Amino acid sequence: MRLLKDGGATPDDQAKIQAIIEAAMEFQKAEIVLKRNDLPLAYKLAEKAHALDPEQADYLAMVTWLAAQRPEWLGRDKTLEKIAILDACIRRNQNSERAYFWRGMLYKRIEETPRALMDFKKASELNPRNLDAVREVRLHNLRGSKVTPSKPPPNVGGAPRPSQPPPAP
């Protein structure tokens, strides 16, 4: 930034720096629009951010996640294709909390619960403020700790159970 401000960078460097800054702004807009649940606009903004700075794993991860929300991408095979792209994002940036979270959501979609849980845990470790990831881990723990009763609960309050005939008078 200092080189750009002082005019010391080459024109190519200045253009690259400008593109990176613009990409970051587009990505921030995409995050805001995504929170408002405007998926088409969020996709367009994320795609622009990725085009401006294709090296950023988070930009590609968001494009991938948003594309995976389209009806034509809801099947298992198509979801696995999107998971493969998120795998590449994670290889590019091991600290991409968004890529872990979105990959976890896709694993959850195809009922790969252990893998989804690992990704949610990793996302929540990377960013403890990612309330969605923390919530997913907590929900899994709650579901996992529930013991299914092998027999019906005791008859509390003396009311007949629906499966039992009422007592004879």
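In this report, we go over the structure that sits alongside the text. (Residues numbered from 1 in each chain as written. Predicted model: local features only at pLDDT ≥ 70, side-chain atom pairs only at ≥ 80, totals over all residues. Heavy atoms only, no water.)

So, about the packing of aromatic side chains. Inspection of the entire model under this criterion finds three aromatic pairs. For the ring pair Phe101 and Phe120, a centre distance of 5.6 Å and an interplane angle of 50 degrees mean the geometry is tilted. Of this pair, Phe101 sits in helix H6 (residues 97-109) while Phe120 sits in helix H7 (residues 113-126), and the two are 19 residues apart along the sequence. Judged by its relative accessible area of 11%, Phe101 falls in the buried class. The side chain of Arg70 reaches across the aromatic face of Tyr43, ending 4.2 Å from its centre. Over the aromatic face of Trp73 sits the side chain of Lys82, whose NZ or CZ is 4.0 Å from the ring centroid. (Phe/Tyr/Trp six-rings, centres within 6.5 Å; stacked < 30°, edge-to-face > 60°. Helix = DSSP H or I, 4+ residues; strand = E, 2+ residues; numbered from the N terminus. Buried < 20%, exposed > 50% of the residue type's maximum accessible area, 1.4 Å probe, protein only. Lys NZ or Arg CZ within 6 Å of the ring centre and 35° of its normal.)

Glancing now at the nonpolar core. Judged by nonpolar contacts, the single largest core of 37 residues is most densely connected at Met62, Leu66 and Trp102. For this core, the secondary-structure elements that each account for two or more residues are helix H2 (11-35), helix H3 (39-52), helix H4 (57-68), helix H5 (76-92), H6, H7 and helix H8 (131-145). Looking at this core element by element, the count peaks at 10 residues for H4. With residues near it in sequence (within four places) discarded, Met62 still touches Phe27, Ala30, Glu31, Leu34, Ala46 and Trp102. (Core = buried A, V, L, I, M, F, W, Y, C linked by side-chain atoms within 4.5 Å. Contact = heavy atoms within 4.5 Å.)

What follows concerns H4. Two residues of an α-helix separated by three or four positions point the same way, owing to the 3.6 residues in each turn. For H4, which comprises 12 residues, the first-to-last C-alpha distance of 16 Å matches the rise-based estimate of 16 Å (1.5 Å per residue) to within 8%. With 12 of 12 residues buried, H4 lies mostly within the body of the structure. Regarding H4, the residues found buried are Ala57, Asp58, Tyr59, Leu60, Ala61, Met62, Val63, Thr64, Trp65, Leu66, Ala67 and Ala68. (Expected span 1.5 Å × (residues − 1).)

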